[in-house]
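Residues per chain are reported as follows:
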Amino acid sequence: MKIKVAIIDHLGAHGSSHHFYLFGQAKGLIENSVDVSLYTNSSTNNPEIQDLAFHQFYQNIFNSNNKLTALIRYLFGSIKSHLHARLNSCHIFHYHLFGSSLLVLFNMFLAKLLFAKIVVTIHDVRSFSDNNESSLYTRLIYSLTDSIFTHNRFSRKEIVKYHKSFAKKTTIIPHGNYLPFIENQENQEDQKESRLRLGIGLDKKVLLFFGMIKKVKSLDLLLCAMPEIIKRNPNTTLLIAGKPWKDDFTYYQDIIDRLKIHNNCVLNIKFISHQDVKHYYCASNIVILPYKEIYQSGVLMMSMCFGKPVVVSDLDSFKEIVDDQETAFFFKSGDVNSLSNVVNKVLENHNLSEKVRTQGFELVKTKYSWMEIGRQTCDAYYKINYFYKK
């Protein structure tokens, strides 16, 4: 008897590349003989994955400025999704959480009323751990859940630190790659087209900072490292692409002006459409992740899927995924001199950069394939669901 799972996710393609994660998870589960139904919003296009039941029951939930209207649409979409999933014999309801709220609890209570098993993947561990020990929402969510998925040992440790009683049901399931859903563009013609589109000279060495701009991502550290990078490699351009999130870009603009590096910066401070993402990666030579705190990075996975060498801070969460000088380049977190030295080393050593780039691509293609992630997820499902036997 096949496992039947409903992935219920209202966010989908809204404001991020999260839908690629959903599609990859669904694809990997289907390849492991799981019957998958995906319930999401009307802004997310059908990925046309064979054997995937795709439903857009969250209709226009992001298209209204009226909060009451948006709430009603959300509740209607949730009720319809849950009832449809249960009537189609789905016994496992899988949610992806970036924070705790009453709406999350509403979905979970619906699932319990329908006698479903609940699985959650926690994407933003910070919102479920740090300073949330007494959070009623968080405790209720964990209590109602049959299995908690997180992406690495570091994230699991953070969850268990504040919620020791849930250790046994917290499982590590890694973040899969984006290879099934992107074009891996590596040749010179692709780079030429992307640079012309973005207004970047073909002779430039391009460093890319991509994604939501948050304080914990330390864009200011990268900006402060630029003068030393430019001093040794004058034809270097920093390409910044992303929208501020609970942050003000004027702070970073002031640094750019003070350091007089504006001629070496290309700024696209906005949400980057899914159709344009490939051009930013294709135009770049190196992707920089100077973060001072991260639990799991989709940008890291995306960068390696595009075959780009990455420079990352030496955080435990990064060390679980990549190795220094083998699949990535590490610098000392928070150290501007370390960052500039490592970037210059990568810019000046083509052979080393090429080796690390190639090995990084092979890593995400094999260890982080969705078929392998699907196998691990399937195994975790069997542990919580007595309806099925392997």
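Peer 1: Looking at this structure, how should I read unusual backbone geometry?
Peer 2: One can expect most non-glycine residues to show negative phi and most peptide bonds to be in trans. In this model, Lys 260 sits at a positive phi of 55°, which is unusual for a non-glycine residue. Position of Lys 260 among the secondary structure elements: in the loop between α8 (250-259) and β10 (265-268). Despite not being glycine, Gln 325 has its phi angle at roughly 70°, a positive value. The class for Gln 325 is partly exposed, based on a relative accessible area of 24%.

Peer 1: Can you help me understand helix α4 (residues 136-144) in this one?
Peer 2: Note that an α-helix has 3.6 residues per turn; residues three or four places apart therefore point the same way. Residues of α4 that are buried: Thr 138, Ile 141, Tyr 142 and Leu 144. The arc that holds every buried residue of α4, seen down its axis, measures 165°, which confines them to one face.

Peer 1: I'm lost on the confidence of the model for the protein chain in this one. Help?
Peer 2: Detailed conclusions should not be drawn from predicted coordinates in areas where pLDDT is low. With 94% of its residues at a pLDDT of 70 or more, the protein chain shows a mean pLDDT of 90. Considering only residues more than four positions removed or in separate chains, one finds that residues 128-134, a stretch of pLDDT under 50, has 22 contacts.

Peer 1: Would you take a moment to explain the packing of aromatic side chains for this structure?
Peer 2: How two aromatic rings sit relative to each other is set out by the distance from centre to centre and by the angle between their planes. Scanning the entire structure with this criterion turns up 14 aromatic pairs. With a centroid separation of 6.1 Å and 55° between ring planes, the pair formed by Phe 210 and Tyr 280 is classed as tilted. A residue pair is termed long-range when its members are at least 10 positions apart, and Phe 210 in strand β8 (residues 205-210) and Tyr 280 in helix α9 (residues 274-283) qualify at 70 residues. Consider the rings of Tyr 251 and Tyr 252, whose centres lie 5.0 Å apart with planes at 70°: the pair is edge-to-face. The exposure class of Tyr 251 is partly exposed, given its relative accessible area of 42%. Three or more aromatic residues joined by ring pairs form one cluster here, namely Phe 20, Phe 23, Tyr 178 and Phe 181. Stacked on the ring of Trp 245, the Lys or Arg Lys 214 has its end atom at 4.7 Å from the ring centre.

Peer 1: It is not clear to me how the pattern of salt bridges should be interpreted in this structure. Could you clarify?
Peer 2: Opposite charge on two side chains permits them to pair, given that their charged atoms come into close proximity. Enumeration according to the criterion identifies eleven salt bridges in this entry. Notably, a salt bridge pairs Glu 158 with Lys 161, separated by 3.3 Å at the nearest N-O pair. Here Glu 158 and its partner Lys 161 are both found in helix α5 (residues 153-162), three residues apart, which amounts to about one turn of the helix. Its relative accessible area of 13% is what places Glu 158 among the buried residues. In this structure, the salt-bridge partner of Lys 365 is Glu 362, at a minimum N-O distance of 3.2 Å. In this pair, Lys 365 and Glu 362 are both assigned in helix α13 (residues 350-366), three residues apart and thus about one turn of the helix distant. Classification of Lys 365 by relative accessible area gives partly exposed; the value is 39%. Salt bridges sharing common partners tie together Glu 372, Arg 375 and Asp 379.

Peer 1: I would appreciate a short explanation of α8 in the present structure.
Peer 2: Residues of α8 that are buried: Tyr 252, Ile 255 and Ile 256. Looking straight down α8, one finds that the buried residues subtend no more than 100° of arc, so they occupy a single side. Each element contacted by the buried residues of α8 is listed here: α7 (219-232) and β10. Of the residues one or two after α8, Lys 260 is the one with positive phi, at around 55°.

Peer 1: Just to check I follow, could you spell out the state of the cysteines for this structure?
Peer 2: By definition, a disulfide is the covalent link that joins the sulfur atoms of two cysteine residues. Across all of its chains, the model carries zero disulfides by this definition. Between Cys 90, a free cysteine, and Cys 378, which holds the nearest cysteine sulfur, the sulfur-to-sulfur gap is 14 Å. Residue class for Cys 90 comes out buried when judged on its relative accessible area of 1%.

Peer 1: Quick question: what am I supposed to make of the sheet that holds strand β2 (residues 35-41) here?
Peer 2: The strands making up a sheet associate through backbone hydrogen bonding, with each pair oriented either parallel or antiparallel. The strand order across the open sheet formed by seven strands is β3-β2-β1-β4-β5-β6-β7, and the pairing between neighbours is parallel. Two strands lie at the open edges of the sheet, namely β3 (53-58) and β7 (170-172), each paired on one side alone. The average undirected angle you get between the axes of adjacent strands in this sheet is 25°. As judged from the three bridges shared by strand β5 (residues 117-122) and strand β6 (residues 147-150), these two strands associate in the parallel manner. Among the inter-strand pairings, Val 120 is bridged to a residue of β6, identified as Ile 148. Across the sheet, helix α2 (residues 67-87) is in contact with β1 (4-8), β2, β3 and β4 (92-97); its angle to β3 comes to roughly 150°. Along the sheet face, helix α3 (residues 102-113) touches β3, β4 and β5 and points at about 170° away from the line of β4.

Reading the values: rules and limits
Residues numbered from 1 in each chain as written. Predicted model: local features only at pLDDT ≥ 70, side-chain atom pairs only at ≥ 80, totals over all residues. Heavy atoms only, no water. Helix = DSSP H or I, 4+ residues; strand = E, 2+ residues; numbered from the N terminus. Buried < 20%, exposed > 50% of the residue type's maximum accessible area, 1.4 Å probe, protein only. Arc of directions from axis to C-beta. pLDDT = per-residue confidence, 0-100. Contact = heavy atoms within 4.5 Å. Phe/Tyr/Trp six-rings, centres within 6.5 Å; stacked < 30°, edge-to-face > 60°. Lys NZ or Arg CZ within 6 Å of the ring centre and 35° of its normal. Salt bridge = Lys/Arg side-chain N within 4 Å of Asp/Glu carboxyl O. Disulfide = S-S within 2.5 Å. Pairing = 2+ DSSP bridges. Axes fitted to C-alpha atoms, helices over the stretch in contact; angles between N-to-C directions.

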